[in-house]
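# Residue-level structural notes
Chain by chain, the residues run as shown.
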Amino acid sequence: MMSEAASALALPIVVLADAPTDAAALVTRDVVLGSARSADDLAGLAARCDVMTFDHEQVDLDALGQLEHLGHRIRPGTQTLHMAVDKAVMRSTLEAAGIPVPAFALLAASERGEHLSAIASFADSHRWPIVVKSARGGYDGKGVWIVPSLEEAAPVLEKIEGDIVLEEYVSIDAELATLVVRRPGGQIASWPTVETAQIDGVCREVLVPGTLDPSVAEEAAELGRRVAELAQAVGVFAVELFWSNGTLLVNEVAARPHNSGHWTIDGSETSQFENHLRAVLDLPLGGTERTAAHVASVNVFGGPSATDPAEHLGEALSVKGARIHLYGKGARPGRKLGHVTVCGDTAGEVRARAWEAAEALGAVRPTQIELVEP
Ligand code: ADP
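Residues numbered from 1 in each chain as written. Predicted model: local features only at pLDDT ≥ 70, side-chain atom pairs only at ≥ 80, totals over all residues. Heavy atoms only, no water.

### Thoughts on helix 9 (residues 214-230)
Taking 1.5 Å of rise per residue, the 17 residues of helix 9 would be expected to cover 24 Å, and the 24 Å separating its terminal C-alpha atoms lies within 8% of that figure. Listing the buried residues of helix 9 in full gives Val216, Ala220, Ala221, Leu223, Gly224, Val227 and Ala228. For helix 9, the angular spread of the buried residues around the axis is 165°, confining them to a single face. Here the buried face of helix 9 lies against helix 5 (78-85), helix 6 (87-96), strand 9 (174-182), strand 10 (188-190), strand 13 (235-244) and strand 14 (247-254). Gln232 sits one or two positions beyond helix 9 and adopts a positive phi of about 50°. (Helix = DSSP H or I, 4+ residues; strand = E, 2+ residues; numbered from the N terminus. Expected span 1.5 Å × (residues − 1). Buried < 20%, exposed > 50% of the residue type's maximum accessible area, 1.4 Å probe, protein only. Arc of directions from axis to C-beta. Contact = heavy atoms within 4.5 Å.)

Structural data, given as structure tokens:
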């Protein structure tokens, strides 16, 4: 999606991709095959670029630090990436700056022997269940475990190699996300706060505006801008929040275009992808206003039969106003294969149509996500 935005502005892009079938490689002419975890591959890419930027977090930070040291422009910089890539760094940086976060404790990988007793005492003060997170490498809920008892903690600990973050289990009334974009000189803008429907750690639907009072959305946006400043972000920076018992807590951040911002392609003056490119190239930012009263975006995950969504494109396209984005990935149950965005006048209507198109493409609407009559 970043390549599509680059193409419109004739910005030449080189993509570092693991395989020629990666979604980004399929739509970019200039592809370097290699790994973002390999110092050599990153150096090879840097040699060909004026600016290096990211659309995922599985990167070798030490290698990027070396490249930065050699004078390559890495945007966002490694200081920002470090906070986004490592949940332990994220939690401690946010807490030290007085940003509200869930209660947490950090368990260093080097203190394996102490982990079970640390969990027991954390649960004593915060009660079961607790949330155990791998500090690095998680996404879409992989690397997050809700642990109901000490007996069930042991097998979870075995799955984690590095540092661990323990968190209180927050009673979540709504999940929000706010998307900020920032230029190297500090110019900053944010899109309207969205409400996300997360099932089993995975974002299934994004609604703009959400259902909460607009003052909560504004408070979330303000927190998002504070966190982006704190992180010295450059480019798009996403902040995910919990709304719990009348309070906002920052859950996590991402220093890149984010799934909660895919709606901006069709529902905002400037998409997150275009503004990300503008920001990392230090060009003027585009407007971030939404262009419709209501916008819903639904992720298309492969259903149990793993049918290729492209086979049902006609049915999906016949849903009025449905903007379909398919990523060209092979269909597998549970794999994120695309998204659908609908803009319109009421929340009920845009949600119903976005789900209708997503279901035509093979997505299955979880029972927890209810639709009301438009
Ligand atoms: P990931 O990096 O994989 O997206 P997150 O830390 O965002 O992981 O957690 C994924 C989801 O798990 C969240 O969207 C939320 O629904 C749930 N979750 C995470 N942390 C907590 C918590 N402390 N209390 C309750 N639920 C949580």
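### Some thoughts on the pattern of salt bridges
Under the counting rule described, the total for this entry stands at 15 salt bridges. Glu57 serves as the salt-bridge partner of Arg256, at 3.0 Å between the closest nitrogen and oxygen. Of the two residues, Arg256 is situated in the loop between strand 14 and helix 10 (264-267) and Glu57 in the loop between strand 3 (51-52) and helix 4 (61-69); the sequence distance between them amounts to 199 residues. This pair shows no difference in class: Arg256 is buried, exactly as Glu57 is. (Salt bridge = Lys/Arg side-chain N within 4 Å of Asp/Glu carboxyl O.)

### Digging into the sheet that holds strand 7 (residues 144-147)
Strand order in the open sheet formed by four strands is 5-8-6-7, with antiparallel pairing between adjacent strands. At either margin of the open sheet sits one strand with a lone partner, and together these are strand 5 (104-107) and strand 7. Averaged over neighbouring strand pairs, the angle between their axes works out to 20° when direction is ignored. Of the strand pairs in this sheet, strand 5 and strand 8 (residues 164-168) are connected by four bridges, and their pairing is antiparallel. Of the residues in strand 8, the one forming a bridge with Leu107 is Ile164. The strands touched by helix 6 within the sheet are strand 5, strand 6 (130-134), strand 7 and strand 8, with strand 5 carrying the most contacts at an inclination of about 135°. Sitting on the sheet, helix 7 (residues 115-126) touches strand 5, strand 6 and strand 8, and the angle it makes with strand 8 is about 20°. (Pairing = 2+ DSSP bridges. Axes fitted to C-alpha atoms, helices over the stretch in contact; angles between N-to-C directions.)

Keep in mind these values describe shape, not function.
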